[in-house]
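Secondary and tertiary structure notes
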Amino acid sequence: MERTTSPASPPLPDAARLPGSTGDPGVAELPDAAGLLDGIPGQRAARPTAPPVERPGERCAEGPAEPLARTGRAPRPRRPAGFRVRVPVPFTLAYAAVLAGTAYFAEHADPALVHALHQGSSTDVAHLLQTPALVMVASALWLAGGFASPFTLGFVVVLTALERRIGGARTAVVFLAGHVLATLATEVPVGLGVLVGWLPDSSLHRLDYGISFGVAASVGALAGLLGPWPRGLLLVAFGGMLLQDLIAYTDPLTNWGHLIALAIGVALWPWARRRPLTARHLTGRHMAAGA
């Protein structure tokens, strides 16, 4: 059966008015009907397919992926193969290793040889008059009493805490100040006593070595870096122990040296509390002076 146009159907548009027409009424250019079904009116043209959206971090078929967007936090760099672990207290650990070596040698070597080395390292009046710098350094390389001495444990604990607060260089200064000044404060009166005849000549060769003066000064300096309550407890406990040794009167010269070294550490509080000048502080001062 032949399909005809119903009377209600709208008239067909003029071919010359169609979009894309050349104006020739005999030749009408109709829109492209590819992809449309025959006999179904009112079909919409196919929408163009949108290109794929490439997200950061994904790889599309058209090309490589874009780099990831930067965030506010930078990625942590990987450690190189030869990365070195930072030692927190190098002075304390190195000095403790030296003391451990000399203490082991003193326990296992020939007693006569050990006594001769101790005598040659003694900071008595005779050696201080001949080679003061040598005996000051050599006497600080031995542990009086060995590993069982309470100053050995105090050395590790106190110098570690002090070096973590003020650094290795200033810790060494505190230790040497107590060791040298307390030694001079105890040996100079001995020399004067022998000179005026109050003490025998044998007092010029008394055996004096060890690290106790340096440890006592470090305890005094560390107390100044603590809070009020820990500071008071540390000074009362350590000072009471030193006074008890002095009252026992077993070695009064050394016991007085411990108290003097503790006072030297306390006298270093203002210097120990002062923050060291870093490169940033020096740069800021130069810029302020230039302005």
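Since the structure is predicted, the reported quantities are computational estimates derived from the model, not experimental observations.

Brief notes about the overall build of the protein
- Broken down by element type, the protein carries 11 helices and zero strands.
- When the helices and strands of the protein are read in sequence order from the N terminus, they spell out α-α-α-α-α-α-α-α-α-α-α.
- Residues classed as buried in the protein amount to 30% of the 291 residues present.
- Taking contacts inside the protein between residues at least 6 apart in sequence as the whole, the part at least 24 apart equals 68%.

Quick look at the nonpolar core
- Counting 31 residues, the largest nonpolar core has Tyr-95, Phe-155, Phe-175, Ile-211, Val-215 and Phe-238 as its most contacted members.
- Those elements that provide at least two residues to this core are α1 (90-108), α5 (150-166), α6 (168-196), α7 (212-223), α8 (228-248) and α9 (252-267).

Some words on the packing of α6 against α9
- Where α6 contacts α9, the two axes come as close as 9 Å, and the packing angle between them is 140 degrees. Taken together, the axes of α6 and α9 lie oblique to each other. The way α6 lies across α9 gives a crossing that is right-handed. Every residue of α9 that contacts α6 at Ala-177, Gly-178, Leu-181, Ala-182, Ala-185, Thr-186, Glu-187 and Val-190 is listed here: Leu-253, Gly-257, Ile-260, Ala-261 and Ile-264.
- In the contact of α6 with α9, the residues fall into nine nonpolar, three polar and one charged.

A closer look at the pattern of salt bridges
- The final tally for this structure, using the stated rule, is three salt bridges.
- Put simply, Arg-206 and Asp-208 hold a salt bridge, and the shortest N to O gap is 3.6 Å. Both residues of the pair, Arg-206 and Asp-208, count as buried.
- A salt bridge links Asp-251 to Arg-206; the shortest N-O distance between them is 3.7 Å. Linking Asp-251 in the loop between α8 and α9 with Arg-206 in the loop between α6 and α7, this pair joins segments that are 45 residues apart in sequence.
- What makes Asp-251 partly exposed here is its relative accessible area of 32%.
- Bridged by salt links that share partners, the residues Glu-187, Arg-206, Asp-208 and Asp-251 form one connected network.

Quick notes on the environment of Trp-271
- Looking at where Trp-271 falls in the secondary structure, it is placed in helix α10 (residues 269-273).
- On the basis of relative accessibility, which here comes to 27%, the residue Trp-271 falls in the partly exposed class.
- In the structure, Trp-271 is positioned 50 residues away from Ala-221 in sequence and 9.3 Å away in space, judged by C-alpha atoms.
- If sequence neighbours within four positions are ignored, Trp-271 has contacts with Arg-170, Val-173 and Val-174.

Considerations on the confidence of the model for the protein
- Here the protein averages 79 in pLDDT, while 65% of its residues score no lower than 70.
- Here helix α11 (residues 279-290) is the element of the protein with the lowest mean pLDDT, 48, and α7 is the one with the highest, 97.
- Every residue in residues 1-9 scores below 50 in pLDDT, and together they form zero contacts with partners more than four places removed in sequence or on other chains.
- Confidence over residues 278-284 falls short of pLDDT 50; this stretch has two contacts with residues more than four positions distant or in other chains.

Regarding the packing of aromatic side chains
- Scanning the entire structure with this criterion turns up five aromatic pairs.
- Ring centres of Phe-91 and Tyr-95 lie 5.8 Å apart, and the angle between their planes is 55 degrees; this geometry places the pair in the tilted category. One end of the pair, Phe-91, and the other, Tyr-95, are both in helix α1, four residues apart, so they sit about a helical turn from each other.
- On the numbers, 6.5 Å between centres and 85 degrees between planes, the contact of Phe-151 with Phe-238 is edge-to-face. One end of the pair, Phe-151, is in helix α5; the other, Phe-238, is in helix α8, with 87 residues separating them in the sequence.
- Note on Phe-238: relative accessible area 12%, which makes it buried.
- Among the aromatic residues, those joined into a ring-pair cluster are Phe-91, Tyr-95, Phe-155 and Phe-175.
- Taking the ring centre of Trp-269 as reference, the NZ or CZ of Arg-231 above it sits at 5.6 Å.

Some details on the side chain of Thr-152
- The residue Thr-152 is located in helix α5 in this model.
- Within the structure, Thr-152 has its side chain in polar contact with the backbone oxygen of Gly-146 (distance 3.0 Å).
- Apart from the residues within four sequence positions on either side, Thr-152 is in contact with Leu-143, Gly-146 and Phe-147.

Each value, and the rule that gives it
- Residues numbered from 1 in each chain as written.
- Predicted model: local features only at pLDDT ≥ 70, side-chain atom pairs only at ≥ 80, totals over all residues.
- Heavy atoms only, no water.
- Helix = DSSP H or I, 4+ residues; strand = E, 2+ residues; numbered from the N terminus.
- Buried < 20%, exposed > 50% of the residue type's maximum accessible area, 1.4 Å probe, protein only.
- Contact = heavy atoms within 4.5 Å.
- Core = buried A, V, L, I, M, F, W, Y, C linked by side-chain atoms within 4.5 Å.
- Axes fitted to C-alpha atoms, helices over the stretch in contact; angles between N-to-C directions.
- Parallel < 35°, antiparallel > 145°, perpendicular 65-115°, else oblique.
- Left-handed = near helix turned anticlockwise from the far one by under 90°.
- Nonpolar A, V, L, I, M, F, W, Y, C, P; charged D, E, K, R; others polar.
- Salt bridge = Lys/Arg side-chain N within 4 Å of Asp/Glu carboxyl O.
- pLDDT = per-residue confidence, 0-100.
- Phe/Tyr/Trp six-rings, centres within 6.5 Å; stacked < 30°, edge-to-face > 60°.
- Lys NZ or Arg CZ within 6 Å of the ring centre and 35° of its normal.
- Polar contact = N/O pair within 3.5 Å; in protein donor to acceptor, adjacent residues only side chain to side chain.

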